[in-house]
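Architecture at a glance
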Number of protein chains: 2
Amino acid sequence: MLALLRPALWFGGCLRGYHMPVATPLQQGDTSLVLVDEARRFIQDCLMRVGVSPSKVRCISEFLVVADYRGNFGNGINRLDLYLSDLQKGHAKANAEPSIISETLATAHVNGNSALGVVVGNFCMDLAVKKAQSAGIGFVVAQQSHHFGMASWYAFRAVAHGLAGLVMSNSAPTMMAPNSKSATIGANCLSFCVKGRDHHFVLDMATSVKDIGAVEWAWNNDEYIPHGWAANERGLSTCLPNVALRSPLLFPAGGHKGYCLSAVIDLLCGVLSGAQYATHIPLDQNQPSNLGQVFIALDPGFFLPDFVERLDDFCGCIQNSQQADESEPIRLPGELEGMHMKYVEDLRALPYPNTLLEKYKTVADRLHVKPMELAFERCQSRKSF
Amino acid sequence: MLALLRPALWFGGCLRGYHMPVATPLQQGDTSLVLVDEARRFIQDCLMRVGVSPSKVRCISEFLVVADYRGNFGNGINRLDLYLSDLQKGHAKANAEPSIISETLATAHVNGNSALGVVVGNFCMDLAVKKAQSAGIGFVVAQQSHHFGMASWYAFRAVAHGLAGLVMSNSAPTMMAPNSKSATIGANCLSFCVKGRDHHFVLDMATSVKDIGAVEWAWNNDEYIPHGWAANERGLSTCLPNVALRSPLLFPAGGHKGYCLSAVIDLLCGVLSGAQYATHIPLDQNQPSNLGQVFIALDPGFFLPDFVERLDDFCGCIQNSQQADESEPIRLPGELEGMHMKYVEDLRALPYPNTLLEKYKTVADRLHVKPMELAFERCQSRKSF
């Protein structure tokens, strides 16, 4: 609950009780509302069935619901079936704990021991924070980790201690180099978060134009994807999410620059950590992934006493840019997510595509848990965020 | 000389004596050849005239010539007049030395004391290397620094010790946020370099589609710039380098992703260091800049014994991508620069636009030094690199 409330408070809102949802105009029939508590209950029931301990179940459900709450649907409940399937196959171990292979005052090399990504990530960032509090910086790399979802979840943990957090992960190869028609690297993600008094800078981005979760979301929502997100098998842009998902070929953001940035992330997360990297990470979900991740915490107090005021002023400089189109304000990274959180608070529920809800009915049947109960059938999802 | 040779050796080539240049076909008359030793002699003569000590003069001339040798013309001799002008105005101090404000085992906060960027950068990276050798990582931030040229110069210094180097700098606001028509942030640069046995990964990029040096180079070379590099005063794309230089408005690489990455760089280099940042950095060259920079060295030996082999394998994975166009190989970052170095070695001289050479004739007159002597008038510059 605390983790769910925290980001809301940062953005000046807060989650209220999850009673009857506010009615929204019916413009499309593809999305239904599920109360936040009900989504959390469903995730917890499923995880308990595959043998995850109660304390971990609470953490994982919070982590998935917060991603949906922030509008990061690609890393929310959408990922639950991957986690369930990997836990059942033994590719992720339900109650494993990470361990430290080696460390210095400022660094650590961690073995995730095939625990779920959020378990490894929380462990590593907490370790990085401790190191930063004594050495100014904490740099932790993990091997034998799993899909860790929304990267900013971990960067937030550093921010909660008044530090800056920088988090990266590698992933299965879904992205093409410019002039290539095969995926050799993941659309590896990067998050940088830091908090001032009035402003928050919450960057959470994939190095592709859009991540694979956004394509899956479009597929679940029965929507086309814009040109320039993904390619077909010949390396040409496609608007069909099913074609894009068949043999994922995402375009890098900014051409070779996004590709190179992704390679730097893989060099640090995969090559340096001892995890898999590049084409060695299996796309096939029948094999364990052994992902690598990097967690950096940085204590601004070791450098400047007035960092918070300077950060607020910096954010003001960005927001005061002259708008080319006056109806579109210049936004800081994380502002759109803040707007989505406000939207969820107004609805008091999460909007999920019906195709996704149908998929989880099958999962519920298979695991013998109660399916997610709808709060309000068919609503407008305001996908324009 | 050593610094100039080193990158050549990394790429499997070496600089041979600078005698008569190899004749190249005459296709355009805008570029002339200058022997490497002659370019170095000219830079040193100019710097001596404005009071720089002999040891610093050698370092700065090497640093500028290496940038041109690697084809990074925006940060080569092109920058000499900025340095001369700032030294004469007192915005950069000819013989100042950086000092440490505070430090831990793994971090340092450095005051550049308005020394030239290369003096501050060399000091900071050497400090980061020392810290990395004992703590696994060295993280050094500098304030009161100056334009530091080619970022990979400093990352190379870490690589020369078997470490990985990551370097960033902020810069005067020349880049627009998406939907903006004013520049609020620099096209801040990032370099990451690491060396395997067979491969080298040498990333050196600006966060804009192209940096301002490339626009200046096009202007000096009397060339148009492609659409999408820079905008006119209304925020619309322009092909005219003089319009693009009037009130620099560069487009970020990958839209908001490049912009956000640049903001992260400014948060670390400017906001955290106590230097200027965002719109506080003067575009006007009549004011001192007070730039901020970050230098990170990372010792892979603290994490894995076989990092070098894994890095070579990673580079192989990238190079083995399936080509969409078979005539265009998939290149690693730094390979194009390697090709340019080979080209310079074949010519045994550096190709400079005649407009740039004309500008330095004026500088030579003003400072009473011998102008650069041409090795070969009018050559093909092979700008396709």
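Look up a bit, the structure's there.
As a starting point, this report considers the structure included with it. One numbering rule holds for all chains: residues counted from 1, following each sequence as written. Chain letters start at A and ligand numbers start at 1, both assigned in the order the entries are written. Totals for whole chains, interfaces and linings use all residues, but because this is a predicted model, local features are given only for residues with pLDDT of at least 70 and pairs of side-chain atoms are given and counted only at 80 or more. Processing note: side-chain calculations cover all non-hydrogen atoms of the structure and skip hydrogens and water entirely.

1. Examining the nonpolar core
General note: in soluble globular proteins, nonpolar side chains tend to be found buried as a group. What counts here: In plain words, nonpolar cores are sets of buried Ala, Val, Leu, Ile, Met, Phe, Trp, Tyr and Cys residues tied together by side-chain atoms within 4.5 Å. Classification of residues uses two cut-offs on accessible area relative to the type maximum, computed with a 1.4 Å probe and protein chains only: under 20% is buried, over 50% is exposed, and between them is partly exposed. Should any heavy atoms of two residues lie within 4.5 Å, those residues are considered in contact.
Residues F314 of chain A together with F314 of chain B are the most contacted members of the largest nonpolar core, which totals 103 residues. Sequence-distant contacts of F314 of chain B, defined by excluding residues within four places in its chain, comprise I185, A263, D266, L267, V271, Y277 and A278 of chain A together with F201 of chain B.

2. Re the packing of helix α2 (residues 36-49) of chain B against helix α12 (residues 354-367) of chain B
Think of two packed helices as two axes; the pair is described by the angle between the axes and how far apart they sit. Residue and element names in this part refer to chain B. Here is the rule we go by: Simply put, an axis is a line fit to the C-alpha atoms, just over the touching stretch for a helix, and the angle between two N-to-C directions goes from 0 to 180 degrees. Going along the chain from the N terminus, every DSSP run of H or I of four or more residues is numbered as a helix, and every run of E of two or more is numbered as a strand. An angle counts as roughly parallel when it lies under 35 degrees, as roughly antiparallel when it exceeds 145, as roughly perpendicular when it falls between 65 and 115, and as oblique in every other case. Working rule for handedness: look at the near helix, and if it is turned counterclockwise from the far one by less than a right angle, call the crossing left-handed; if clockwise, right-handed.
At a minimum axis separation of 10 Å, α2 and α12 run at an interaxial angle of 40 degrees. With respect to α12, the element α2 is oriented oblique. The element α2 and its partner α12 pack so that their crossing is left-handed. Taken together, the residues of α12 that come into contact with α2 (itself represented by F42, C46 and R49) are Y360, V363, A364 and L367.

3. Some remarks on the interface of chain A and chain B
Test applied: Reported buried area values correspond to the accessible surface (1.4 Å probe) lost by two parts on association, with both partners' losses combined. Any carboxyl oxygen of Asp or Glu within 4 Å of a side-chain nitrogen of Lys or Arg constitutes a salt bridge here. Here a polar contact is recorded for every N or O atom pair within 3.5 Å, except that within protein the pair must consist of a potential hydrogen donor and a potential acceptor, and residues adjacent in sequence are included only if both atoms are side-chain atoms. Gly is put with the polar residues, along with every residue not named as nonpolar or charged; the nonpolar set is Ala, Val, Leu, Ile, Met, Phe, Trp, Tyr, Cys and Pro, and the charged set is Asp, Glu, Lys and Arg.
Counting from both sides, the interface comprises 70 residues of chain A and, opposite them, 70 residues of chain B. A combined buried area of about 5700 Å² lies between chain A and chain B, and 72% of that area is made up of carbon and sulfur atoms. Of all residues in chain A, the largest losses of buried area upon contact with chain B belong to N179, K257 and F303 of chain A, amounting jointly to 13% of the total for that side. Taken together, the links from chain A to chain B amount to zero salt bridges. On the surface where chain A and chain B come into contact, there are 34 residue pairs in polar contact (both at pLDDT 80 or more). For the side of chain A that touches chain B, the secondary structure elements donating two or more residues are β3 (107-111), β4 (137-145), β7 (183-185), β8 (189-195), β9 (200-206), α9 (256-271) and α10 (307-319) of chain A. A per-element tally of the side of chain A that touches chain B places α9 of chain A first, with 11 residues. Residues of the side of chain A that touches chain B, tallied by class, amount to 44 nonpolar, 19 polar and seven charged.

4. Remarks on the sheet that holds β8 of chain A
Remark on secondary structure: sheet strands pair via backbone hydrogen bonds, oriented parallel or antiparallel. Residue and element names in this part refer to chain A. Rules: Note: two strands are recorded as paired if DSSP finds a minimum of 2 bridges between them.
Pairing is mixed in the open sheet, where seven strands are placed in the order β2-β3-β4-β12-β5-β8-β9. This sheet does not close on itself; its edge strands, each paired only once, are β2 (99-103) and β9. Averaged over all pairs of adjacent strands, the angle between their axes in this sheet comes to 15 degrees, without regard to strand direction. With seven bridges connecting them, β4 and strand β12 (residues 291-298) associate as antiparallel partners. Paired with F139 across the bridge in β12 is I296.

5. Regarding the sheet that holds strand β8 (residues 189-195) of chain B
Spatial ordering of the open sheet is given by β2-β3-β4-β12-β5-β8-β9 (chain B), a layout of seven strands whose pairing is mixed. The open sheet is flanked by β2 (99-103) and β9 (200-206) of chain B, the only strands paired with a single partner. Each strand axis lies, on average, 15 degrees off the axis of its neighbour in the sheet, ignoring direction. Note: strand β5 (residues 164-169) of chain B against strand β12 (residues 291-298) of chain B, six bridges, orientation antiparallel. Directly across from L166 of chain B, in β12 of chain B, lies its bridge partner I296 of chain B. Running over the sheet, α9 of chain A touches β8, β9 and β12 of chain B and is turned about 130 degrees from β9 of chain B. Where helix α5 (residues 117-135) of chain B meets the sheet, it contacts β2, β3 (107-111), β4 (137-145), β5 and β12 of chain B, and its direction lies at approximately 160 degrees from that of β4 of chain B.

6. Section: the relation of the copies chain A and chain B
Heads up, the condition is: Copies overlap after least-squares fitting; the atoms used are the C-alpha atoms of residues with pLDDT of at least 70 in both.
Of the two same-sequence chains, chain A is brought onto chain B (RMSD 0.0 Å, axial shift 0.0 Å) by a rotation of 180 degrees. Within this description, the copies of the chain are treated as partners about a two-fold rotation axis. Across chain A, the rotation axis passes nearest the C-alpha of G254 of chain A, at a separation of 1.8 Å.

7. Details of the packing of helix α3 (residues 54-69) of chain A against helix α5 (residues 117-135) of chain A
Residue and element names in this part refer to chain A. Running from amino to carboxyl end, α3 crosses α5 at an angle of 95 degrees, the nearest separation of the two axes being 10 Å. Classified by the interaxial angle, the pair formed by α3 and α5 is roughly perpendicular. Contact residues: α3 offers K56, C59, I60 and F63, while α5 offers V118, V119 and N122. When the residues that make up the contact of α3 with α5 are grouped by side-chain class, the tally is five nonpolar, one polar and one charged.

8. Here's the deal with unusual backbone geometry
The backbone phi angle of N113 of chain A is positive, close to 50 degrees, even though this residue is not glycine. As for its position among the elements, N113 of chain A is in the loop between β3 and α5. Even without being a glycine, A278 of chain B presents a positive backbone phi close to 45 degrees. Looking at the secondary structure, you find A278 of chain B in the loop between α9 (256-271) and β12. With relative accessibility at 0%, the residue A278 of chain B sits in the buried group.

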